[in-house]
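For reference, the chains in residue letters:
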Amino acid sequence: MAQNEKINPFEMAKKQVDIVAKYLNLDSGSIEKLKNTKRELIVHFPVQMDDGKLKIFTGYRVQHNVARGPAKGGIRYHPDVDLDEVRALAMWMTWKSAVVKIPFGGAKGGVQCNPKEMSLHEIEHLTRRFTWEISMMLGPEQDIPAPDVNTNPQVMAWIMDTFSILKGYSVPGVVTGKPIELGGSLGRFEATGRGVVITSLEALKYLKIPIEGAKVAIQGCGNVGGIAAMHFDRLGAKVIAISDSQKGLYNENGLDVKRALEYKAKYKCFVCETKNETEITNQELLELKCDVLVPAAIESQIIEKNAPRIKAKIIAEGANGPTTPEADEILNDKGVFIVPDILANGGGVTVSYFEWVQNLQELIWSEEEVLDRLTRIMQRGFKEVLDISLSKKIPMRAAALVLGIGRVAEASRLRGLYP
Ligand code: NAD
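Rules behind the numbers
Within every chain, residues take consecutive numbers counted from 1 along the sequence as written. Under the rules for a predicted model, residues below a pLDDT of 70 receive no local features and side-chain atom pairs below 80 are neither given nor counted, while totals for whole chains, interfaces and linings still include all residues. Values shown for side chains rest on all heavy atoms present in the structure; no hydrogens or waters enter the calculation. Only runs of H or I of at least four residues qualify as helices and only runs of E of at least two qualify as strands under DSSP, and these elements are numbered from the N terminus. Three exposure classes are used, based on accessible area relative to the maximum for each residue type with a 1.4 Å probe and protein chains only: buried under 20%, partly exposed in between, and exposed over 50%. By convention in these notes, a salt bridge is any Lys or Arg side-chain nitrogen within 4 Å of a carboxyl oxygen on Asp or Glu. Under this scheme, a helix contributes an axis fitted over its contacting stretch, all axes are lines through C-alpha atoms, and angles between N-to-C directions fall in the 0 to 180 degree range. Every angle not falling under 35 degrees, over 145, or within 65 to 115 is termed oblique; those three ranges are roughly parallel, roughly antiparallel and roughly perpendicular. Throughout, a crossing is termed right-handed when the near helix is turned clockwise from the far one, and left-handed when it is turned anticlockwise from it by less than a right angle. Should any heavy atoms of two residues lie within 4.5 Å, those residues are counted as being in contact. Under this grouping Gly is polar, as are all residues other than the nonpolar Ala, Val, Leu, Ile, Met, Phe, Trp, Tyr, Cys and Pro and the charged Asp, Glu, Lys and Arg. DSSP calls a pair of strands paired once it identifies at least 2 bridges connecting them. To obtain the arc, one takes the directions from the helix axis to the C-beta atoms.

Enquirer: Would you mind showing me how to read unusual backbone geometry here?
Expert: Note the cis peptide between Tyr418 and Pro419, where omega equals 0 degrees. Within the element layout of this structure, Pro419 appears in the segment after helix 14 (396–415). Phi is positive for Lys268, close to 65 degrees, though the residue is something other than glycine. Examined against the element boundaries, Lys268 turns out to sit in the loop between helix 8 (257–267) and strand 9 (278–280). Positive phi, close to 55 degrees, is recorded for Glu362, a residue that is not glycine. Within the fold, Glu362 resides in the loop between helix 12 (347–361) and helix 13 (367–392). The class for Glu362 is exposed, based on a relative accessible area of 74%.

Enquirer: In this structure, what is going on with the pattern of salt bridges? I would like to understand it.
Expert: When charged atoms on two side chains of opposite charge get close, those side chains can pair. Using the criterion set out here, one finds 30 salt bridges in the structure. Close ionic contact of Glu133 with Arg129 constitutes a salt bridge, the shortest N to O distance being 2.9 Å. Taken together, the positions of Glu133 and Arg129, both in helix 4 (residues 120–134) and four residues apart, correspond to about one turn of that helix. Residue class for Glu133 comes out buried when judged on its relative accessible area of 14%.

Enquirer: Before we go on, may I ask you to explain the packing of helix 6 (residues 188–206) against helix 13 in this structure?
Expert: To characterise two packed helices, one gives the angle between the axes of the helices and the distance between these axes. Interaxial distance between helix 6 and helix 13 falls to 9 Å at its minimum, and their mutual angle equals 45 degrees. With respect to helix 13, the axis of helix 6 lies oblique. Once helix 6 is placed against helix 13, the crossing between them reads as right-handed. For the pair formed by helix 6 and helix 13, the contact residues are Glu190, Ala191, Arg194, Gly195, Ile198, Thr199, Glu202, Ala203 and Tyr206 on the first element and Glu367, Leu371, Leu374, Thr375, Met378, Gln379, Phe382, Leu386 and Leu390 on the second. Of the residues in the contact of helix 6 with helix 13, the class split is 10 nonpolar, four polar and four charged.

Enquirer: Mind showing me how you'd approach the sheet that holds strand 7 (residues 238–243) here?
Expert: Note on sheets: strands pair through backbone hydrogen bonds, and any given pair is parallel or antiparallel. Ordered by their spatial adjacency, seven strands build an open sheet running 9-8-7-6-10-11-12, and the pairing between neighbours is mixed. The strands lining the two open edges of the sheet, one partner per strand, are strand 9 and strand 12 (337–339). Taken over all neighbouring pairs, the strand axes of this sheet differ in orientation by 20 degrees on average, direction set aside. Judged from the three bridges that link them, strand 8 (residues 248–250) and strand 9 form a sheet pairing that is antiparallel. From the neighbouring strand, Leu249 faces strand 9, where its bridge partner is Glu279.

Enquirer: What exactly am I supposed to notice about helix 8 here?
Expert: Three or four residues apart is the spacing at which side chains of an α-helix point the same way, because the helix has 3.6 residues per turn. Val257, Ala260, Leu261 and Lys264 are the residues of helix 8 that are buried. For helix 8, the arc enclosing every buried residue in end-on projection is 95 degrees, short of the 170-degree limit, so these residues lie on one face. Turned more than 90 degrees away from the buried face of helix 8 sit Lys258 and Lys266, all of them exposed. For helix 8, the secondary structure elements touched by its buried residues are helix 7 (223–234), strand 7 and strand 8. At the C-terminal side of helix 8, Lys268 shows a positive phi close to 65 degrees.

Here it is as structure tokens:
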């Protein structure tokens, strides 16, 4: 959490809906329905740790809305996971799937744990037991998890295997972000980071800033931040800073991204290797003068306190919910161009959809086909959001919410109310 300020992400997500409600032309009951989740499951379950002792963990699976298709959303392993965080992330998944026009609803899951202090065996046991505990909600037509913070293709493989054992046959379509060998899609691992870069490129084009030499700062170097850094670098941008949860590296002339990430992977931390590099804190990184700032870690990093000091021209939100509504107002007044999370990081759910489609049809698409379709969908999403922003004279986040929530509300209206 930035600057020790406790912000409730679910309150933040509901406030975003309130802010755009006036553009949606919906009655108060429909707005209330959209602000509530559909199903919530809390589980407390035992895991046998390596020392033989039982430890009880708490996990959550929340489905926010399924009007447009099966519930879809990642699973997070983190000590700070709680019900309101999972609710907010589920709601953002609903809007995101709608913004990129993918026929999924929104869900999210998480387990309160610190995987950095657990062995691989313990993480496997936790994953399998958690999958069993929430299995009544899961299924290719019901609810399809994916990776999120501290979960990866191996964790998805254990989810798929456990669910398949329960069913008695292989069910690859129950989860996305799987290893390629188990029905994962080519291009899924890179999809979210690539989507962030594709939408950043559109924003740079719109603001007439060339990508060659554009200065980019990235908070977080996991699946989203690390992949985005490598793609920005390949396209000729200067990645001037990158960080993990502890600290970051900075070089105003551009870091050697590949080397920095290889070092981080090997030694689990960033260390300055040349005299041109300096260490910086996550707060300093967020406040750097740059063309593109990519928050790609966790929620509530850009808040009321530090927003006035943000100097980026564009913020492309790789993370979910990195900017609070209060900070948004300040950034809008400053003229910062925001590519909001429900657009910028929509590449993950898009290629998850491709993976699910391939699993259901038992087909394998080439990487070229996946990337080509991903690029077109992300560019279309950006254009649709920008058009609404320009025509209604509202910021990009409000435009994305109007587009996403509007599509979900229309699907709900067409389906009607039962009984
Ligand atoms: P990850 O676990 O691969 O990486 C997370 C990164 O954030 C790591 O580098 C970690 O060191 C850093 N980090 C964690 N806590 C931090 C803190 N307090 N301050 C600074 N850095 C911190 O996770 P990821 O999959 O890359 O997810 C990152 C964000 O992107 C999350 O908000 C997630 O919800 C969102 N997201 C991920 C996907 C996906 O496909 N993986 C899709 C859409 C959105």
